[in-house]
Structures are given as structure tokens and as C-alpha cells.
Amino acid sequence: MKKVRKILPLSVYDIPGIEAWLEEQANAGLFPDSLDSWVTFIPTGVPGTRFRLVPQESRKASVSPEQMGLYRNAGWQYAFPAAGIYFLFYTTDPEAVEVYSDWESRGISLQPLKRRLSSYRRRKLAAYALLAATLIWALFFFESKYDVQPDHFSQLTLILLDLFRPTALLLLLCAVGIGIQARRDERLLRRICDALTEGMAPPPSKGPSKAIVCSQIILAALAVSLAVSIIISQFDVLNPWDHIPISRFFAPYVSISSIEQEPVLPWEELLEEAPPGREGENYAGRKFSLLSPVWYTVTQKAYSPQGDTEEHAFSPKPENGVEWYAPNLDGTYCRLLLPSLARPAAQALLDDYRLVNLEWSYEELSCPGLDFVIHATEPNGIWQMLAIGRDCSIAVFRYAGREWLPDHLQVLSATVRFE
């Protein structure tokens, strides 16, 4: 039997409106088979069928034998639980008496639904408060036992940029849409309950609404987009903007060979192969934020063609007893919409690159044509970091190698200069 699916064009708490709409569908030959945000119909509707929604005491409640017998004796038949909050009854008998004898008794029947809604709202607020407290603690008060130089508020600007990334914006839009819908439904239920409790007819329904249908479609599209975005972000193999081989990446970046005095090559060029465990050592990744439309990272590792047997800090594990000088250079490049974000964002990215088990020293340098230069070193002399900025453009580097980064400012600042 072919089924017909339609979006419920009314608030789930618009009881008179839903009942009238179901009766219209029955007159068109459609009988409901399930009812929620989407309603499924089968083509067995009988013109003149009446429907009544009876509130459930709880989500897991079922129709009691006494209740079933009472409605059957009155000429009504049970259909199914609807939207997790109602039991749907129907009758094709025009002489069947109403389920409720007066408005006030129907208002009393809605009180459990009203209490459930209030309880749900309190639980939701408590859950949001707990989530907010947990996030604040994790972001600003949590300290790793390995972090020798914690800075609780260093990531604020980076968090701000992340909040304007597509996944965060989709989540926010979904939350706002659901909140607006919940607020609208709650106000409608309260108006209906108040009127019935006072013995008056419920406020007349505005009938099916194109706006409600559109909002449901938009929410569904946002939810699907959010799910796809989360899945892509969790699985690198699905993300076309992550782990892009440098050979296929064309945005400007500082090549590691441009700052090394000793010639260095990627592993695959050095040995013309990619041994297991070293695939993807040189790659790029793109990010996007409304506050930073240009945002990408480049990770590089290279090796000196001149192998020796001397062990030093920049060498990988010996291959057949031979060591290679092997420097690393990681870079993040951003172009921000607001110049005031440039320095705070650079400092946040420096902290993001920071190896937490090392204690870093930071020094301000000056360089013509740049707004700021921040150089960071650690006691072992292996790692360095450098942040540079001009106007809305910043570049932040983390390096392990023999070179002294301040000696290469002219090369490193090329991506933020626009003469």
C-alpha cells in the first residue's frame, strides 16, 4: 500500500488545528499512519472521519484497558501514539459523542502535558548550564600535568575564530531554530490550557502554515549539513581540505628549503620512495572562519642528502646506521577581517603550537614593514617559534633545525607583505 508523507504544517501543540487538518486529509482519502514532525498517510481515509488527540501522562504511557473501553463505548477507536505526547482516536460515526463533555474537562486533561513541558524545560536549562560550566572549566581552568607554562586565556581569540567556522555556525543556527520553535509551541500550549481551564473554547487555530513548513525544511537541511560537517571533520579521509599534498597546494607559503643553508629534500625525493610511516610528511590543510576567510596550515619535513653517523637532535631513527639532518617547519597563515584581531590571533596560534612540556621565552623584535614580530625559544635550543603580522595578515611558525629564525625574517614575512 503506497504511503504519502507530509510535513506537519502546524505546531505540535496546536491540538484543534491538527485535528481539523487530519479531518481534511481524511476527506481527501488519506488516513494517518504515524504523526510527528512528518505525518505518514495511507489511502484509506473515509470522508467525515473525526480525530481527537488525548494527552499522554508520560512518554512511555499506554492506553489503559479502562480508557480504551470508555472511548470504544462512546464510538471512538484508537489509532496510535502521536508525537510522543498524544494518543490519537478517531471515529467515522457522526453520532459518536465527544471524548470530553466540556472545555474545562479537556483543559484538565492537558495538565499532564503542561507539566511534562515545564519539566522538560527545567531539565534542558540544567543540561545547558552544566554543559556551559564544563566547557568553561575545560577551556579556562583545566591544567594538564605535563604543561609547565599554562596560560588559561591564551586561546580566547582562537576560540572566537572557531566559533565562526561553518560547523559551529550550523550548530548555532540549529539551536536557535529549535529554541524559537520550542518557545512558540510552549506559548501556544499555555494559551490553550488557560482558555480551557477557564471553561472557554481554545483559541482558534490559524490553520496550516507555510512558514512552519519552511522552518521545518530549513531545520532539516541545517541538521543534515551539520551531521555531514561533523562526519567530515572527524574522518580525514573524507575531508578534501585536510592533508592536501604540497604538490597540489598552490597558496603562498614558506618552503623549508628557502631558510636552510644546507640543501634538504623531502624523503620521497631523497630516496625516491615513501617508506611506511613517513607518508604525508609534507601536506597542507585549509580552514575557514567568517572572521578569517583565508586560513591554512602547511607542515613540512626535509632531509639532508648528506648522511652521516653522528646522532643529533634533528635526525630521525637511523636507517641502516646512517643519520640525516632532518629539520621541521610548521606554518599557519591567516588573513583576518579585523586588524585588531591580528596580534591576539597570532599569540593564540603561538600557544597552540607550543610544546607544553617545554618552558618558552618570548621576545619582541622589530622589522621594517611589519607590525609585530614575536620570537619564542626553549632552553634546549631545538625548537623555535615565530609570529609576524602586518595589517590583517599573520603568519606563525614552529621550527626545529639548525637555523636561527630571526635571520630569515625577509623570507618568512613574504606571505604578509603586499608591496
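See the structure above.
In this report, the structure presented in the accompanying data block is examined. (Residues numbered from 1 in each chain as written. Predicted model: local features only at pLDDT ≥ 70, side-chain atom pairs only at ≥ 80, totals over all residues. Heavy atoms only, no water.)

Among the structural elements, S229 can be located in helix α7 (residues 210-234). What makes S229 buried here is its relative accessible area of 18%. Beyond its immediate sequence surroundings of up to four residues, S229 is in contact with T167 and L170. (Helix = DSSP H or I, 4+ residues; strand = E, 2+ residues; numbered from the N terminus. Buried < 20%, exposed > 50% of the residue type's maximum accessible area, 1.4 Å probe, protein only. Contact = heavy atoms within 4.5 Å.)

So, about helix α4 (residues 111-140). Under the 1.5 Å per step criterion, the end-to-end length of α4 is 43 Å for 30 residues, consistent within 8% with the ideal 44 Å. Turning to α4, its buried residues are P112, L113, L117, S118 and F140. Against β4 (50-55), β6 (86-91), α3 (103-109), α5 (156-163) and α6 (166-197) lie the buried residues of α4. (Expected span 1.5 Å × (residues − 1).)

The next subject is the sheet that holds strand β3 (residues 38-42). Across the sheet, which stays open at both edges, the 3 strands sit in the order β1-β3-β2 with antiparallel pairing between neighbours. The open sheet has two edge strands, β1 (4-7) and β2 (31-35), and neither has a second partner. With strand direction ignored, the average angle separating the axes of adjacent strands in the sheet is 30°. Bridging between β2 and β3 involves 4 bridges; their strand directions are antiparallel. Directly across from S34, in β3, lies its bridge partner T40. Contacts between helix α1 (residues 15-27) and the sheet are confined to β1, β2 and β3, with β3 contributing the most and set at about 30° to the helix. (Pairing = 2+ DSSP bridges. Axes fitted to C-alpha atoms, helices over the stretch in contact; angles between N-to-C directions.)

In this section: the pairing of strand β10 (residues 328-335). Within β10, 7 of the 8 residues are buried, which leaves the element mostly enclosed by the surrounding structure. Examined bridge by bridge, β10 and strand β14 (residues 393-400) share 8 bridges and lie antiparallel to one another. Within β14, the position partnered with R335 by the bridge is S393.

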